[in-house]
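Below are the chains, spelled out letter by letter.
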Amino acid sequence: MTPGFRNPFKLLDFAFVMQEKISQQHGPVIDLALDTISKGKQALVFVNSKPSAEKQAEEISKRCNGKLDELAEKVLNVLSTPTKQCKRLAGCIKKGIAFHHAGLDQKQKELIEDGFRAGEIKIICCTPTLAAGMDLPAFRTILTSLKRYTNHGMDYIPVLEYEQMAGRAGRPKYDSYGEAICIAGTDAQKEELIEKYLNGEVEHIYSKLAAEPVLRTYVLSLISSGLVRSKEDLMKFFSRTFFAFQFKDLKKIEELLVRVLGMLKDWGFVKGSSNEDFVSADSMNEKYIVTLLGKRVVELYLDPLTANKLVEGLKKKCEKNEFSYLQLISHTLEMRPLLRIKKSEYEEVQEKIALIEENLLEDGFFDEFEDFENSIKTAWFFEEWINESSEEQLLEKFGVRPGEIKYKLNLSDWLLFSCIELSKLSLLNENVSNLTKLRVRLKYGIKEELMPLVRLKGIGKTRARKLYSNGIKDVRGLKKIGLGELKLLIGEKTAENIKKQLEMG
DNA sequence: GGACGGTGAAACTTCAGGTTGCCTC
DNA sequence: GAAGTTTCACCGTCC
């Protein structure tokens, strides 16, 4: 831990003194940022939301005169067509300021992190993305707010989280100490912050085993690995965990485990190993073994609940189209958080539901209708993607940023792969070819007609579309066209490469 | 007089994050 | 609960 930064009074008083000393020109955050730069140092500014991170960075950058044109150019051209977000980021970076959150493309995040480490970028305004894991120390950490929106309204963040953010301050190699500065609005608030975060204790750690999804997954994998063969084994195992230590009530744990076992059995992921008829259902000695399907569920790292939902959905006999599958995988715990429906979108989504209701692979969503509606919006977003909407269009229509698009696509690929595997093991092979096709389309973001073209290395969404609209629709078309003409369409190097691939068959 | 643009206050809307599968030239 | 965004009334300017 860096010396200096744990001394609470020094710290917070410093912030107050600082505000007066820096003559409060533009508000505390901007003043502190500019002061950091004038000292030749760097700072991380933690804010509460993605829009805030962008706004704050922009405000600071307006008052800076960096000249990082080259880096800005790189950041701008990470995607095939820059989105609004890219332009905004490039504008800030030009001045030596950046914003950083999960909505950025991975490549952009790396450029920013490297730029900061190299000392070119002076200030990063970020959401808690940068709080943990990342090795990005700065001289100063500025925490604009220690409250965050939760399910129960605005609430103070845990002390542990505060420490993670504050702990970014202090660069072992360059500074002998670091400064973590919380912005307090009033004296009363200042006292509150000191009490809670500087004098307060870190919260107790609670075992996450208590959460049922984790418990389900755990029990199944224990049985699958052979570590646990009976309810008795299971109880023995769990009585030694931190979960049991905290929970204390072994009877309750047993009830919970029995329920989980029952579910796994109903879903066909485990079965009684022998002479089941002679052993009563809640006998401690009843032996369990994993089924083939259950084993695969473990290997796929799926929550058994999700796995069962997928299997049940895949079984459904109805007219299935892309949207059917997309909605099925969107309405899982794994896909959360789902895209949320804005007020202005409500009617549009209702219309969409009416349109595709008959093709859905699930029924009985009445208890959590809002969640269901969100799954429709999420599936819709995927659908637009495979119909060749650009990142910019998705940002406009669904408010999904490029980084989030990639993350969601990665999840969807995993879940579709899981659907394929589960179909194979559940004798539901009629789904396999459609799912496989869908995976390819999601990977590239293309309509079905471009599929033959993207098989070739060097051809993705953009080039495939260009070729197609010029009448080249498949490998045969590519073979027929002359090299010169092909070069004009997709560039010299790529054209040569493609021809080579075709020759090799 | 009417179109247009700028300004500011009120009303409205939204709010962090990120491991897992497989294959591979 | 707070901050960012949108909306809308109001005013001044120019043609």
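See above for the structure.
Notes on the structure follow.

Parameters and conventions
Residues numbered from 1 in each chain as written. Chains lettered and ligands numbered in written order. Predicted model: local features only at pLDDT ≥ 70, side-chain atom pairs only at ≥ 80, totals over all residues. Heavy atoms only, no water. Near = heavy atom within 4 Å. Nonpolar A, V, L, I, M, F, W, Y, C, P; charged D, E, K, R; others polar. 1 Å grid on protein atoms, 1.4 Å probe; cavity = no way out; pocket = protein on both sides within 12 Å on 5 of 7 lines; lining within 4 Å. Points joined across faces, edges and corners; volume = space filled by probe spheres on them. Helix = DSSP H or I, 4+ residues; strand = E, 2+ residues; numbered from the N terminus. Polar contact = N/O pair within 3.5 Å; in protein donor to acceptor, adjacent residues only side chain to side chain. Pairing = 2+ DSSP bridges. Axes fitted to C-alpha atoms, helices over the stretch in contact; angles between N-to-C directions. Contact = heavy atoms within 4.5 Å.

### Topic: the protein's contact with DNA strand C
- Near DNA strand C, the surroundings consist of Ser52, Lys55, Tyr149 and Met154.
- When the atoms of DNA strand C within 4 Å of the protein are grouped by moiety, sugar and phosphate amount to 45% of the total.
- Within the surface near DNA strand C, the residues separate by chemical class into two nonpolar, one polar and one charged.

### Considering the layout of surface pockets
- When its volume is computed, the largest pocket comes out at roughly 1,500 Å³.
- Taken together, 34 residues make up the lining of the largest pocket; nearest its centre are Lys50, Pro337, Leu338, Arg340 and Glu404.
- Contributions of two or more residues to the lining of the largest pocket are made by helix H3 (50–62), strand E5 (147–150), helix H17 (369–386) and helix H19 (402–425).
- Residue classes in the lining of the largest pocket are distributed as twelve nonpolar, ten polar and twelve charged.
- If you go around the second largest pocket, you meet 25 residues; those closest to its centre are Trp385, Glu391, Lys443, Tyr444 and Lys461.

### Quick notes on the protein's contact with DNA strand B
- Of all residues adjacent to DNA strand B, which total 26 residues, the nearest are Lys50, Lys342, Leu411, Trp414 and Arg439.
- Counting only atoms of DNA strand B within 4 Å of the protein, the fraction found in sugar and phosphate groups is 50%.
- Note that a phosphate oxygen of DNA strand B is positioned 2.7 Å from one of the backbone N or O atoms of Lys50.
- One of the backbone N or O atoms of Tyr301 is found 3.4 Å from a base oxygen in DNA strand B.
- Going through the elements one at a time, E5 and H19 are the ones with two or more residues in the surface near DNA strand B.
- At six residues, the largest contribution of residues to the surface near DNA strand B is made by H19.

### Quick notes on the sheet that holds strand E4 (residues 140–143)
- The strand order E2-E3-E1-E4-E7 describes an open sheet built from five strands, whose pairing is parallel. Unpaired on one side and paired on the other, strand E2 (97–100) and strand E7 (179–182) mark the two borders of the sheet. In this sheet, adjacent strand axes meet at a mean angle of 15 degrees when their direction is disregarded.
- Across four bridges, the pairing between strand E1 (residues 43–46) and E4 is parallel. Each bridged residue has a counterpart across the sheet, and for Leu44 the counterpart in E4 is Thr141.
- Together, E1, E2 and strand E3 (123–126) form the strand contacts of H3, whose direction differs from that of E2 by roughly 180 degrees.
- Packed on one face of the sheet, helix H6 (residues 106–117) meets E1, E2 and E3 and runs near 135 degrees to E2.

### A look at the environment of Leu292
- Along the polypeptide, Leu292 turns up in helix H13 (residues 292–299).
- When the C-alpha atoms of Leu292 and Lys343 are compared, they prove to be 45 Å apart, with 51 residues separating the residues in sequence.

Interpretation in functional terms is not warranted from these geometric data alone.
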